[in-house]
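# Structure at a glance
Each chain, letter by letter, is given below.
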Amino acid sequence: MFIRLASKSLLNRKGSVLLTLMAMSVSIFVLLGVEHIRHQTKDSFNSTVSGVDLIVGARTGSLNLLLYSVFRIGSPTNNIGWETYQAVASNSKVAWSVPIALGDSHKGYRVMGTTSDYFKHFRYGQKRQLEFSAGQQFSGIFDVVLGSEVARKLGYTLGDPLVLAHGIAKTSFSLHDDMPFKVVGILETTGTPVDQTLHVSLQGIEAIHLNWQQGVKLPGRRVDREQLNPQALEPESITAFMLGLSSRMATFRVQRDINNYAREPLSAILPGVALSELWQMMGLLENTLRLIAGLILIAALLGLSAMMLASIREREHEIHLLRVIGAPPLYLFLLIELEAILIALTSIILGLSGLYICLLTAGDFLASSFGLHIGTNIFSGDNTVFLLLIIGATIIAAMIPSFSAYRNAKASL
Amino acid sequence: MAIQLKDVHFCYPEAPNKTVLCIKNWSVPEQEHVFIHGPSGSGKSTLLNLLSGMLRATQGEVSVLGQRLDQLSNRQRDKFRANHIGYIFQQFNLIPYLNPIDNIRLANRFSGGKTIASDVDNRIETLLATFNIPPSEWQKPVARLSIGQQQRIAITRAMINKPELLIADEPTSSLDPDNRDNFMTKLMSLAKEHRITLLFVSHDMSLSHYFDRIAPLSEINSAGASR
């Protein structure tokens, strides 16, 4: 009867209740949406690379190195010599190493030169290995393995030819059109920048630059593809390399050794540490978003409180009547609280279903346009805490009108 | 005695020097039907609020149905009112957005709810039928019913907890003559049938012939005279 009275009373004031409900729903939608996307982004962010102990590049800041080597954002400051790579890789504490050569692109997607060790050692997420949805890894000089998004967006299938462009600009006029590549493999979707990358062998990168000097194609010099010898195509320099160590205990020693490498200035970073540094930089933005979401909720709660307070005045007769038939003043207090909680609960249901539907419909768009893989599981442990907090805040906000009803009931004659 | 007042003084806490009610000795025997009349501002509603336990006397003994109301706590008086006193006003007797059945059930809920729900529903339906409320109206919000129907449902609501004392505060003022006579006959026969003590306040002297005793408020309350 108590709940029936409260809900009927709310239904009786459809107009103002509906508006309050909408304000609350929107604020809950924003609050939980921000929280959810923040969590998911952080997860997908932190899962871009795992199982790699050190990333080594030319002397630079750790964020810059992380961004260009893992996220394919920005450009490398300098290259490092092949001898340097071999010297570091032959260190007895190094279990495996994967060289990376960047600098070319294909229709805006970056091309990464590497070795077949990349497919063997690179890990993402919870130490997950790269897997092929079609074909296999490259074996010839002009073989290319596509990230899932590259294949999907550009519509490539196995055996398709494609031409790489020099430089990383979205539209490049200097194409390596004399040496087309052939698609031999397509990777499974990973939700990491791997999806947006074309993988070729280091020899392939060397081969297409044979007739180039200082970033310009030399006219008149043609290379005969058939005469290329993979053994002869040893790269002179690479952009960076990843290291796996035989013992994680050695990480800091090896890092120090690399940073102090005498013949060439190098930087070695721990990907996990650099990732969390990067995430901290985004923390300000993140906290701003949370703050705004919180303020929106407070505004909605104040609106709720104001609406309820105004209703008390209209309901003086009702309050008096309830008193006469024996309702104690506390009953009136609780009645108003219950009405507020009912509004909050309905708003939570509306806000959550709105969020769920949005994630469901926008999920593909986010994944393809921003590489953000947002799951639809909005009932994580944190969100449950948030929902409890919202109910708690509603109870506190409704204290004002509830107390007004209580006082009204006490004085009601 | 259904009502027994002795040396009762009342003044509102906001105006402690102004005595609103001063009753030396006044009583109503059980099952008597009393008609109280008086001009507005003569302490009428204060008296009713004292008797229903909404207010507590500043001084003196207020005893209703053998219970000293002045000695009960707020919560006990609320409970006593729900269980023993029926109350009908001039208007706003019902929660407008609830249907007749829910309105009556709500009144029953505050009595302590020792009765079984299905029993209560049976009694509600019988009472509504006696008061000529057609079943088609039972599920409508009372705001959509006529004033006459609303006042008859109000009696039903006041009767649901089988009160021994019924207080009616100008219940006929908003009714037209036909509805008023209909209402009065129903009320009086019900009071007789259930042996209820009836306290009826009105300024409409034409209704006084229904009652055993006519009491002008100025005779009960001596505070009005001194003012």
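Residues numbered from 1 in each chain as written. Chains lettered and ligands numbered in written order. Predicted model: local features only at pLDDT ≥ 70, side-chain atom pairs only at ≥ 80, totals over all residues. Heavy atoms only, no water.

A few words now on the packing of aromatic side chains. With the rule as written, the count across this model stands at 16 aromatic pairs over all chains. The interplanar angle of 70° and the centroid separation of 5.4 Å between the aromatic rings of Phe119(A) and Phe138(A) together place this pair among those described as edge-to-face. With Phe119(A) in helix 5 (residues 117–121) and Phe138(A) in the loop between strand 7 (132–135) and strand 8 (143–146), this pair connects stretches of sequence that are 19 residues apart. No difference in accessibility class separates Phe119(A) from Phe138(A), as the two residues are buried. A centroid spacing of 4.9 Å and a plane angle of 90° characterise the contact between Phe10(B) and Tyr12(B), whose relative ring orientation is edge-to-face. Classification of Phe10(B) as buried rests on a relative accessible area of 3%. By way of ring pairs, the aromatic residues Tyr118(A), Phe119(A), Phe122(A), Phe132(A) and Phe138(A) are connected into one cluster. (Phe/Tyr/Trp six-rings, centres within 6.5 Å; stacked < 30°, edge-to-face > 60°. Helix = DSSP H or I, 4+ residues; strand = E, 2+ residues; numbered from the N terminus. Buried < 20%, exposed > 50% of the residue type's maximum accessible area, 1.4 Å probe, protein only.)

Further remarks concern helix 1 (residues 44–52) of chain B. All names here are of chain B. When you tally the buried positions in helix 1, you get eight out of nine residues, the bulk of the element. Every buried residue of helix 1 is listed here: Lys 44, Thr 46, Leu 47, Leu 48, Asn 49, Leu 50, Leu 51 and Ser 52. Phi for Gly 53, located one or two positions after helix 1, is positive at around 85°.

Under the domain assignment, chain A is made up of domain 1 (2–45 + 283–411) and domain 2 (54–269). Centre-to-centre, using C-alpha coordinates, domain 1 of chain A lies 51 Å away from domain 2 of chain A. (Domains from an automatic or database assignment.)

This part covers the pattern of salt bridges. In this structure the tally under the stated criterion is 22 salt bridges over all chains. Here Arg38(A) ties to Glu286(A) by a salt bridge, and the two come within 2.6 Å at their closest N and O atoms. Of this pair, Arg38(A) sits in helix 2 (residues 14–46) while Glu286(A) sits in helix 9 (residues 271–314), and the two are 248 residues apart along the sequence. Accessibility classification places Arg38(A) together with Glu286(A) in one group, the buried group. Between Lys44(B) and Glu170(B) there is a salt bridge, and its shortest N-O distance comes to 3.0 Å. Here Lys44(B) is found in helix 1, whereas its partner Glu170(B) is found in the loop between strand 7 (165–169) and helix 6 (177–193), with 126 residues between them in sequence. Here the salt bridges share partners, and the residues they tie into one network are Arg4(A), Lys8(A), Asp102(B), Arg105(B) and Asp121(B). (Salt bridge = Lys/Arg side-chain N within 4 Å of Asp/Glu carboxyl O.)

A word on the packing of helix 2 of chain A against helix 9 of chain A. Packed helices, taken two at a time, are described by the angle their axes make and the gap between the axes. All names here are of chain A. Where helix 2 meets helix 9, the axes come as close as 9 Å, and the angle between the chain directions of the two elements is 170°. The angle between the axes of helix 2 and helix 9 places the two elements in the roughly antiparallel class. Partitioning the contact of helix 2 with helix 9 into residue classes produces 19 nonpolar, seven polar and five charged. (Axes fitted to C-alpha atoms, helices over the stretch in contact; angles between N-to-C directions. Parallel < 35°, antiparallel > 145°, perpendicular 65-115°, else oblique. Nonpolar A, V, L, I, M, F, W, Y, C, P; charged D, E, K, R; others polar.)

Residue and element names in this part refer to chain B. Tallying each qualifying case throughout the model produces two cavities of 30 Å³ or more. Estimated volume of the largest cavity: approximately 90 Å³. Lining the largest cavity are 13 residues, and of these Ala 82, Ile 85, Gly 86, Ala 158 and Asn 161 sit closest to its centre. Put simply, the parts of the chain that give the lining of the largest cavity at least two residues each are helix 2 (74–84), strand 6 (85–88) and helix 5 (147–159). (1 Å grid on protein atoms, 1.4 Å probe; cavity = no way out; pocket = protein on both sides within 12 Å on 5 of 7 lines; lining within 4 Å. Points joined across faces, edges and corners; volume = space filled by probe spheres on them.)

Residues and elements named next belong to chain A. Note on placement: Ser 50 falls in the loop between helix 2 and strand 1 (54–58). The buried category is assigned to Ser 50, whose relative accessible area is 13%. Among the polar contacts made by the side chain of Ser 50, one reaches the main-chain amide nitrogen of Lys 127 at a distance of 3.4 Å. Other than its neighbours up to four places away in sequence, Ser 50 contacts Arg 123, Tyr 124, Gly 125 and Lys 127. (Polar contact = N/O pair within 3.5 Å; in protein donor to acceptor, adjacent residues only side chain to side chain. Contact = heavy atoms within 4.5 Å.)

With that settled, consider the interface of chain B and chain A. Between chain B and chain A, the residue contacts involve 25 residues of the former and 23 residues of the latter. In total, about 2,300 Å² of surface goes out of reach between chain B and chain A, with carbon and sulfur atoms giving 70% of it. In this assembly, chain B and chain A are joined by three salt bridges. Linking Asp102(B) and Lys8(A) is a salt bridge whose minimum nitrogen-to-oxygen distance equals 3.5 Å. Where chain B packs against chain A, one counts six residue pairs in polar contact (both at pLDDT 80 or more). Elements supplying a minimum of two residues to the side of chain B that touches chain A: helix 2 and helix 3 (100–109) of chain B. Looking at the side of chain B that touches chain A residue by residue, the classes come out as 14 nonpolar, four polar and seven charged. (Buried area = accessible area lost by both parts, 1.4 Å probe.)

Together, Leu291(A), Leu295(A), Ile298(A) and Leu302(A) make up a nonpolar patch on the protein surface, roughly 410 Å² of accessible area in all. Secondary-structure assignment places Leu302(A) in helix 9. (Patch = residues over 30% accessible without salt bridge, like charges linked within 9 Å, V, L, I, M, F, W, Y side chains within 5 Å. Areas by Shrake-Rupley, 256 points an atom, 1.4 Å probe, with all protein chains shown as cover.)

Turning our eyes to something else, we now look at helix 13 (residues 399–411) of chain A. Structurally, the α-helix is built with 3.6 residues per turn, so residues lying three or four positions apart point the same way. Residues and elements named next belong to chain A. Taking 1.5 Å of rise per residue, 13 residues should cover 18 Å, and helix 13 covers 18 Å from first to last C-alpha, within 8% of that figure. The set of residues buried in helix 13 consists of Pro 401, Ser 402, Ala 405, Asn 408 and Ala 409. On an axial view of helix 13, the arc spanned by its buried residues comes to 120°, and they lie on one face. In helix 13, the exposed positions angled more than 90 degrees off the buried face are occupied by Ile 400, Arg 407 and Ala 411. (Expected span 1.5 Å × (residues − 1). Arc of directions from axis to C-beta.)

Residue and element names in this part refer to chain B. Pairing in this open sheet of four strands is antiparallel, and the strands run 2-1-4-5 from one edge to the other. The strands lining the two open edges of the sheet, one partner per strand, are strand 2 (21–28) and strand 5 (67–68). Note that strand 1 (residues 3–10) and strand 4 (residues 59–64) share five bridges and pair antiparallel. Pairing of His 9 across the sheet is with Gln 59, part of strand 4. Contacts from helix 1 reach strand 1, strand 2 and strand 4, with the element oriented near 120° to strand 1. (Pairing = 2+ DSSP bridges.)

So, about the environment of Gly185(A). All names here are of chain A. Within the secondary structure layout, Gly 185 lies in strand 11 (residues 181–187). Since its relative accessible area comes to 0%, Gly 185 is described here as buried. The sequence separation of Gly 185 and Leu 66 amounts to 119 residues, and the corresponding C-alpha distance is 26 Å.

Residues and elements named next belong to chain B. The phi angle at Gln 31 is positive, at roughly 65°, despite the residue not being glycine. Along the chain, the position of Gln 31 falls in the loop between strand 2 and strand 3 (33–37). The backbone phi angle of Leu 65 is positive, close to 55°, even though this residue is not glycine. Look at Leu 65 and you get partly exposed, because its relative accessible area is 23%.

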